[in-house]
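Take a look at the letters that make up each chain.
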Amino acid sequence: MCSLCKRAQEGETYCLACSLSRNHQPPPPRGPLLMAGAFLMIAAACLLLPTLLCNYEERQLLSEAGRPHESLSPPPPTSSVQTPTPSPSLFPEPSASEAPSGSAKTSPAPSPPERPGLSTFHQENVLGTSFRLVVVGGAVGERYLRVALAEIERHRKTFSRHDPQSELSRINALPWEKRRSLRLSKYLARVLRWAASWHARSKGAFAPYGGLLFRRLEKATPDGEPPTPEPVGVGYRLTKSGKTYLLECDRDGSFDLDAIAKGFIVDRALRAVMRSKPRPRGALVDIGGDLGVAGSSDPDRVAPWEIEVADPRRPAENAQPLDRIELRGMCIASSGGYARPRARAGGTRQPHLFDPRRGEAARGVLGATVVAPDAASADALATILCVLPTKESLALIEATPGTAALIMDFQGHPLRSRRWRSLRRKAAPSVASKSREPWPAGFALQVSFTLRESRGRGKRRKFKRHGTAVWIEDSTQKRVRLLALWHDRGELKYLRELPSFWWEGWVLSGGPNDPKALRSTTRASRAPGTYELEWDGLDDAGAPVPRGQYRVRIDLNRENGPPRGREEHTTASVEIQCGASAASGSCPDQAELAGVTVTYRRRP
């Protein structure tokens with residue numbers, strides 16, 4: 001029997017557990033050797049641990065880039081990819097004759113020469129187009145480039161319709177009858193839900209399931225007859241099973257998510273860069289004109305990102321831009337029906353954008369540029385605005401919080417939404433602007449309003465106090481003074497439920513995209529009742545403002561409000577001339593807000 005483990009079986013020469021002879025005697029004590037080995041292992045771990053922790057997030061992204069999805073049969077195993085290869089991408093590489101131009105192009109303004117704290121990277125053939133990354137602060141080198149490209153490659157394997165191994169391509173390859181109870185990956189399900197939502201909001205101008213019609217229109221020949229116009233509906237629905245979503249298709253078709261997936265990938269790449277260690281001070285990600293920014297554009301101070309919007313009437317690369325805007329924590333995307341004409345059905349050269357409501361080419365506008373809180377929304381809206389009539393497009397933008405748009409109609413007239421003016425870069429103050437008349441001494445503006453208590457649905461619905469924001473903005477729609485912000489401090493994460501204030505009165509006016517920055521300004525939410533506020537003609541920094549036209553904005557929200565039973569969002573706006581004489585204004589009563597009056601007069 002083995003004297004060490006007592007497990008040798010009868011008839012065996014050696015112990016099956018430790019491979020020692022039956023007659024083997026215990027070796028000399030191993031304590032000192034074991035202690036020395038343990039000490040060496042601990043020392044090696046201490047030396048390697050900082051490096052492993054520093055590179056954890058980067059290695060995680062790189063490893064996830066090659067991870068197959070489980071919803072369909074997995075593709076052949078591939079090695080971890082650090083930089084995109086010339087394999088099929090989300091969008092095919094356009095030829096020189098089809099290169100996008102005009103308003104289908106947005107770009108950062110020319111940046112100053114490279115300096116410490118600012119890194120710029122360029123790369124071609126990323127999703128079939130150009131890629132640019134600008135990082136402010138953080139580590140020096142290509143760490144952030146590798147992180148961004150790994151995240152892009154990871155999602156390309158989900159959304160590319162040109163890569164036969166992507167999740168979307170494998171779904172399109174199935175007969176539509178087999179697209180029943182098909183389990184989707186988390187991100188594909190998320191984008192398909194957003195796409196269906198934009199289809200409904202645009203009244204059919206956005207069609208994620210219209211790939212078959214689009215391919216037929218693209219392949220039409222000059223001598224052939226154009227395809228019969230055919231409207232495109234949604235064609236699919238998603239059902240939830242536990243924590244996953246199942247796809248249910250009800251007719252033949254193919255998915256084409258190019259008009260939203262690229263923006264989603266910009267969002268994810270920007271998020272990955274800003275979460276890298278060490279965290280940068282700011283970043284810009286630009287993929288073929290879909291662009292997102294975060295943080296500051298300057299390593300030494302808080303500064304917005306300056307973006308140029310090209311003029312579709314002047315397609316030259318060095319032409320003067322149509323507009324220059326300043327972005328803080330926002331995204332921008334452009335689209336243009338004129339940019340890459342492809343189909344020549346019936347001998348007529350048609351644009352590459354199609355109207356899914358009529359099943360034919362869209363010829364309403366030359367181009368559209370949209371600013372939104374996320375690049376996926378900006379991407380989808382830019383496409384929608386090239387399909388809808390301009391009046392409907394502007395109405396959709398005004399009804400969507402945090403968005404702004406510049407549309408060039410087919411006659412070459414630029415149309416700007418109301419919020420776009422607040423984004424335009426301010427010119428240096430001139431002698432004329434400095435000579436504007438100051439705020440009259442002794443004058444003040446009083447704001448009075450009543451918060452109403454209205455019952456929600458059901459007898460057990462309890463009233464919850466209003467979250468309220470009241471601010472003053474000038475003629476450029478920039479906030480000049482925040483009069484009141486009433487919101488429970490413990491619920492600052494829900495501050496975005498005041499969307500008009502959050503985007504127009506805060507982020508677009510230069511505030512950071514972080515609710516915690518308003519913690520010192522926030523006061524407790526208010527119960528129903530009448531409240532009065534006063535403005536003494538000073539801005540948020542305590543400097544006097546000139547006399548002129550101003551607007552009082554009110555934004556409030558509470559739970560259990562009518563008519564939908566959970567959230568009620570109410571806004572009010574009153575314009576008033578603040579000059580040498582008294583003035584007043586008001587607005588109609590609403591379910592949650594009444595008695596809004598604004599009075600400008602000399603103090604008693």
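On a predicted model such as this, the values are computed, not experimentally measured, just so you know.

### Quick notes on the overall build of the protein chain
Summing up its helical and strand segments, the protein chain has 12 helices and 24 strands in all. In the protein chain, once contacts between residues fewer than 6 apart in sequence are set aside, the share between residues at least 24 apart is 65%. Carbon and sulfur atoms form 53% of the exposed surface of the protein chain, whose accessible area is close to 29600 Å².

### Focus: the packing of helix 7 (residues 258-274) against helix 8 (residues 375-385)
Where helix 7 meets helix 8, the axes come as close as 7 Å, and the angle between the chain directions of the two elements is 155°. Relative to helix 8, helix 7 is oriented roughly antiparallel. With respect to the hand of their crossing, helix 7 and helix 8 are arranged in right-handed fashion. For the pair helix 7 and helix 8, contact is made by Asp258, Ala259, Ile260, Ala261, Lys262, Gly263, Phe264, Val266 and Asp267 and by Ala375, Ala376, Asp379, Ala380 and Thr383, respectively. When the residues that make up the contact of helix 7 with helix 8 are grouped by side-chain class, the tally is 8 nonpolar, 2 polar and 4 charged.

### Concerning the sheet that holds strand 23 (residues 583-586)
The antiparallel open sheet is built from 4 strands, whose spatial order is 20-17-24-23. Taken across any chain shown, the strands that pair with only one partner, and hence form the sheet edges, are strand 20 (529-535) and strand 23. The sheet shows a mean angle of 10° between the axes of neighbouring strands, direction not considered. Note: strand 23 against strand 24 (residues 593-602), 4 bridges, orientation antiparallel. Residue pairing across strands places Ser584 opposite Thr599, the latter belonging to strand 24.

### Points about the pairing of strand 10 (residues 323-327)
Residues of strand 10 alternate between two faces, with Asp323, Ile325 and Leu327 buried on one and Arg324 and Glu326 left unburied on the opposite face. Sheet topology note: the strand 9 (residues 305-309)/strand 10 ladder contains 5 bridges and is antiparallel. Its bridge partner lying in strand 10, Glu306 is registered against Glu326.

### What about unusual backbone geometry?
Cis geometry is adopted by the peptide bond preceding Pro278, which originates at Lys277 and carries an omega value of -5°. With respect to the element layout, Pro278 can be found in the loop between helix 7 and strand 7 (282-287). Phi at Leu127 takes a positive value of approximately 55°, unusual for a residue other than glycine. Its place among the elements puts Leu127 in the loop between strand 2 (118-126) and strand 3 (129-136). According to the relative accessible area criterion, Leu127 is buried, its value standing at 2%. Phi at Lys203 takes a positive value of approximately 60°, unusual for a residue other than glycine. For Lys203, the location among the structural elements is in the loop between helix 5 (186-201) and helix 6 (211-218). Residue Lys203 is classed as exposed on the basis of its relative accessible area of 70%.

### Brief notes about the sheet that holds strand 4 (residues 180-183)
If you walk across this open sheet you meet the 3 strands as 4-6-5, and the pairing is antiparallel. On the outer flanks of this sheet lie strand 4 and strand 5 (236-241), each paired with one strand and no other. Strand-to-strand twist across the sheet, computed as the mean angle between neighbouring axes with direction ignored, equals 35°. The sheet contact formed by strand 4 and strand 6 (residues 244-249) spans 3 bridges and is antiparallel. Along strand 6, the bridge assignment pairs Arg183 with Leu246. Across the face of the sheet, helix 5 comes into contact with strand 5 and strand 6 while running at roughly 135° to strand 5.

### Topic: the packing of aromatic side chains
With the rule as written, the count across this model stands at 15 aromatic pairs. Here the aromatic rings of Trp486 and Tyr531 are separated by 5.2 Å at their centres, their planes lie at 55°, and the arrangement is tilted. Placement of Trp486 in strand 19 (residues 479-486) and of Tyr531 in strand 20 is noted, with a sequence separation of 45 residues between them. Both residues of the pair, Trp486 and Tyr531, belong to the buried class.

### Some details on the side chain of Arg419
Structurally, the position occupied by Arg419 is in the loop between strand 16 (414-416) and helix 10 (420-423). Dropping the residues within four chain positions of it, Arg419 is found in contact with Ile397, Glu398, Thr400, Pro401, Gly402, Thr403, Ala404, Gln477 and Glu504.

### Some thoughts on the pattern of salt bridges
The tally for this structure, following the rule as stated, stands at 22 salt bridges. For Glu504, the salt bridge identified is with Arg419, shortest N-O distance 2.5 Å. A residue pair is termed long-range when its members are at least 10 positions apart, and Glu504 in helix 12 (residues 499-506) and Arg419 in the loop between strand 16 and helix 10 qualify at 85 residues. Per residue, the accessibility class of Glu504 equals that of Arg419, and both read buried. As a salt-bridge pair, Glu534 and Arg603 come within 3.2 Å of each other at their nearest N and O atoms. Here Glu534 is found in strand 20, whereas its partner Arg603 is found in the segment after strand 24, with 69 residues between them in sequence.

### Overview of a positive patch on the surface
Where like charges cluster on the molecular surface, the positive patch consists of Lys186, Arg271, Arg275, Lys277 and Arg279. In this fold, Lys186 is placed in helix 5.

### A short note on the environment of Thr244
The topology assignment puts Thr244 in strand 6. What makes Thr244 partly exposed here is its relative accessible area of 26%. Spatially, the C-alpha atom of Thr244 lies 7.7 Å from that of Ser185, the residues being 59 residues apart in sequence. In this structure, Thr244 is in contact with Arg183 and Thr239, ignoring residues within four places of it in sequence.

### A closer look at the confidence of the model for the protein chain
Chain-level pLDDT for the protein chain is 75 on average; 69% of the residues reach the 70-or-more range. Ignoring residues within four places in sequence, the model shows residues 3-25, a span with pLDDT below 50, making 35 contacts including any to other chains. Across residues 339-349, confidence stays below pLDDT 50; counting only partners more than four residues off in sequence or on other chains, it has 40 contacts.

### Concerning the nonpolar core
Of all hydrophobic cores here, the largest spans 46 residues; its most connected members are Phe255, Leu257 and Leu385. Other than its neighbours up to four places away in sequence, Phe255 contacts Leu168, Ile171, Asn172, Leu192, Pro208, Tyr209, Tyr236, Leu247 and Cys249.

Rules and cut-offs
- Residues numbered from 1 in each chain as written.
- Predicted model: local features only at pLDDT ≥ 70, side-chain atom pairs only at ≥ 80, totals over all residues.
- Heavy atoms only, no water.
- Helix = DSSP H or I, 4+ residues; strand = E, 2+ residues; numbered from the N terminus.
- Contact = heavy atoms within 4.5 Å.
- Areas by Shrake-Rupley, 256 points an atom, 1.4 Å probe, with all protein chains shown as cover.
- Axes fitted to C-alpha atoms, helices over the stretch in contact; angles between N-to-C directions.
- Parallel < 35°, antiparallel > 145°, perpendicular 65-115°, else oblique.
- Left-handed = near helix turned anticlockwise from the far one by under 90°.
- Nonpolar A, V, L, I, M, F, W, Y, C, P; charged D, E, K, R; others polar.
- Pairing = 2+ DSSP bridges.
- Buried < 20%, exposed > 50% of the residue type's maximum accessible area, 1.4 Å probe, protein only.
- Phe/Tyr/Trp six-rings, centres within 6.5 Å; stacked < 30°, edge-to-face > 60°.
- Salt bridge = Lys/Arg side-chain N within 4 Å of Asp/Glu carboxyl O.
- Patch = residues over 30% accessible without salt bridge, like charges linked within 9 Å, V, L, I, M, F, W, Y side chains within 5 Å.
- Lys, Arg positive; Asp, Glu negative; His and termini not counted.
- Charge placed at Lys NZ, Arg CZ, Asp CG, Glu CD.
- pLDDT = per-residue confidence, 0-100.
- Core = buried A, V, L, I, M, F, W, Y, C linked by side-chain atoms within 4.5 Å.

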